[in-house]
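The primary structure of each chain is shown beneath.
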Amino acid sequence: MIEIPAYKDELRNTWYASFYYTDWQGKRRLKKKRGFQRKKDAQAFEEEFLRTRARSCDMTFRSFAEIYLGDMEPRLKRTTMQNKRYLIEHRVLPFFGDLPLNEITPAHVRKWQSQLLADKVAPTYAKTINNQLSAIFNYACKYYGLGINPARLAGSVGKKDAQEMSFWTVEQFNQFIPHVKKLPARTGLSVLFWTGLRIGELLALCPEDIDLEARTLTVRRNFQSVEGEEVITDPKTQRGRRVIPLPEKLCDEIRAYENALYDPQPDDRLFPFTKHYFRRAMLKGCAEAGMDPIRLHDLRHSHAALLIHHAVGGDMRDVQVLHLVFFLNDNEPSPGIIFRDQCVLQQRFLTRAYIDDLIYLSISEEYQLCRHIVGAVILHLFDKVQQHP
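About the thresholds
Within every chain, residues take consecutive numbers counted from 1 along the sequence as written. Local features in this predicted model are restricted to residues of pLDDT 70 or higher, and side-chain atom pairs are both shown and tallied only at a pLDDT of 80 or more, whereas totals for entire chains, interfaces and linings draw on every residue. Just so you know, side-chain values use all the structure's heavy atoms and leave hydrogens and water out. Type-normalised accessible area, obtained with a 1.4 Å probe on protein chains alone, sets the label of each residue: buried when under 20%, exposed when over 50%, and partly exposed for intermediate values. The numbering of helices and of strands both runs from the N terminus, where a helix is a DSSP run of H or I of at least 4 residues and a strand a run of E of at least 2. For two strands to pair, DSSP has to find at least two bridges joining them. Angular values range over 0 to 180 degrees, each being the angle between N-to-C directions of two axes fitted as lines to C-alpha atoms, with helices fitted over their stretch in contact. By definition in this entry, angles of less than 35 degrees are roughly parallel, angles greater than 145 are roughly antiparallel, angles of 65 to 115 are roughly perpendicular, and the rest are oblique. Contact between two residues is taken to exist if any of their heavy atoms lie within 4.5 Å; hydrogens are not considered. Polar here means any residue outside two lists: the nonpolar Ala, Val, Leu, Ile, Met, Phe, Trp, Tyr, Cys and Pro, and the charged Asp, Glu, Lys and Arg; Gly therefore counts as polar. In this analysis a 1.4 Å probe is tested at points of a 1 Å grid over the protein atoms alone, and where it fits but cannot get out there is a cavity; an open set with protein on both sides within 12 Å along at least five of seven lines is a pocket; lining residues have an atom within 4 Å of a point. Grid points are joined across faces, edges and corners, and a volume is the space filled by probe spheres set on the points. Definition of a polar contact: a pair of N or O atoms within 3.5 Å, with one able to donate and the other able to accept a hydrogen when the atoms are protein atoms, and with sequence-neighbouring residues admitted only if both atoms are side-chain atoms. Here the expected length of a helix is defined as 1.5 Å per residue gap, with one fewer gap than residues. Only rings of Phe, Tyr and Trp enter the pairing, Trp through its six-membered ring, and a pair is recorded when the two centres are within 6.5 Å. The plane angle decides the type: under 30 degrees is stacked, over 60 is edge-to-face, the rest tilted.

1. So, the pairing of strand S8 (residues 242-245)
- Side chains Arg242 and Ile244 of S8 all project onto a buried face; the interleaved residues Val243 and Pro245 project onto a face where none is buried.
- Taken together, the 4 bridges between strand S5 (residues 216-219) and S8 define a ladder with antiparallel strand orientation. Looking across to S8, one finds that Thr216 is bridged to Pro245.

2. Notes on the sheet that holds S8
- With antiparallel pairing, the 3 strands of this open sheet are ordered in space as S4-S5-S8. At either margin of the open sheet sits one strand with a lone partner, and together these are strand S4 (210-211) and S8.
- Here 2 bridges tie S4 to S5, and the two strands are oriented antiparallel to one another. Its bridge partner lying in S5, Asp211 is registered against Thr216.

3. A short note on the packing of helix H3 (residues 78-96) against helix H5 (residues 123-144)
- Where H3 meets H5, the closest approach of the two axes is 10 Å, and the angle between their N-to-C directions is 80°. Classified by the angle their axes make, H3 and H5 are roughly perpendicular. Here Lys84, Tyr86, Leu87, Ile88, Arg91, Val92 and Phe96 of H3 come into contact with H5, specifically with Tyr125, Thr128, Ile129, Gln132, Leu133 and Ile136.
- When its residues are assigned to classes, the contact of H3 with H5 shows 9 nonpolar, 2 polar and 2 charged.

4. Topic: empty space enclosed by the protein
- This model, assessed by the stated rule, comprises 2 cavities of 30 Å³ or more.
- For the second largest cavity, the full set of lining residues is Glu201, Ala204, Leu205, Asp209, Thr218, Val219, Arg220 and Arg221.
- Counted by class, the lining of the second largest cavity contains 3 nonpolar, 1 polar and 4 charged residues.

5. A short note on the environment of Ala17
- Relative to the helices and strands, Ala17 resides in strand S2 (residues 14-22).
- For Ala17, a relative accessible area of 0% corresponds to the buried category.
- For the pair Ala17 and Asp41, spaced 24 residues apart in sequence, the C-alpha separation works out to 9.0 Å.

6. Quick word on the side chain of Lys84
- Tracing the chain through its elements places Lys84 in helix H3.
- At 3.1 Å, the side chain of Lys84 forms a polar contact with the side chain of Tyr68.
- Dropping the residues within four chain positions of it, Lys84 is found in contact with Tyr68, Leu69, Leu76 and Gln132.

7. Topic: helix H4 (residues 106-118)
- The end-to-end C-alpha distance of H4 is 18 Å, a good match for the 18 Å that 13 residues give at a rise of 1.5 Å each.
- In the core, the buried residues of H4 are packed alongside H3, H5 and helix H6 (150-154).
- Lys120 sits one or two positions beyond H4 and adopts a positive phi of about 60°.

8. Side note on helix H8 (residues 183-195)
- Here H8 contains 13 residues, and its C-alpha end-to-end distance of 18 Å stays within 8% of the 18 Å for a straight helix at 1.5 Å per residue.
- For H8, the complete set of buried residues consists of Pro184, Ala185, Thr187, Gly188, Leu189, Ser190, Val191, Leu192, Phe193 and Thr195.
- Of the residues flanking the end of H8, it is Gly196, one or two places downstream, whose phi is positive at about 75°.

9. Remarks on the side chain of Ser302
- Here Ser302 shows up in helix H12 (residues 298-312).
- At 2.8 Å, the side chain of Ser302 and the backbone oxygen of Asp298 are in polar contact.
- The contacts of Ser302, once residues within four sequence positions are left out, are Phe167, Trp168, Phe193 and Ile294.

10. A closer look at the packing of aromatic side chains
- For the coordinates displayed, the defined rule picks out 22 aromatic pairs.
- On the basis of an interplanar angle of 65° and a centroid distance of 4.7 Å, the ring pair of Phe95 and Phe96 is categorised as edge-to-face.
- Owing to a relative accessible area of 0%, Phe96 belongs among the buried residues under this scheme.
- Aromatic pair Phe193 and Trp194: ring centres 5.0 Å apart, planes at 85°, arrangement edge-to-face.

Okay, here's the thing in structure tokens:
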């Protein structure tokens, strides 16, 4: 076996690697890297670099993860990419980083899963992390000729959906909101509850997005903070661009807030804060009201529950039953997802033609029960939206 050469830098008393490789355009290029304390470290760098360039699955998992992330980066939103990189660097690489990609077995994955569960991460988070590992192996199988996906053979961990969905009733929200003293926080939290906006959509709102005469709010953008940089992007989903009707009382609150601002411009951010500002205000208000706190995103759940409540004409316990029924079957697309997007509730039910498309048909008896309940709720919503455009 021919030994990979490495060179001594006599001036710095370190080792360096220097070698030629062929790039993706077929051109011969020189690669040089200095600063290795040991000869074998310089040799290992060259060997790993050439394996990576050769698209060989005997490179380390760490090297392959960088290839995977590099390919994903131009295809994903910056925040999605930031979250993906964080999961890989903090939850996956510490265990798999130095293992050769093609030598990782289902037994390795099971051992990693056991450590993950021992850390007592939330079940939904555990599943997200496990799915990320499996995605890397799927990528290796599809594009680099890896024989099997060991994560798939090892089986999954965690749960797709949280066991409980927290939300507030109108009475609970009205008990809470007077204890939020700062006008921007009080107004912003009211908008979240009564419209079902995501926090990023709230933070991206401009005065031009709100028509107080027509009592409508138009969602056009999403605000995100990526590595300390404030970024305005498109809404999270394809249906994210939408027009939401506003209650008269909320219009009065927004009007009072806008009047308190100094010379707001149509394209200024109406709420030039961060989600942490609203989170702190929510925690403080809950403490003063003597209430258990919920997440900011749970205000979106609260709005969806409110719509269902008005649609079925029952009490809020009926809403909890509906949520349980919607997610009986994790292996098929659930009609329950309908009620997680406020835009679907208030816009796509405007014509009955959408109803059959939105209700998923299944041979499962439990799913058929779910279908009938959802169908009844949709028809109620359709009638109410038609009566109150």
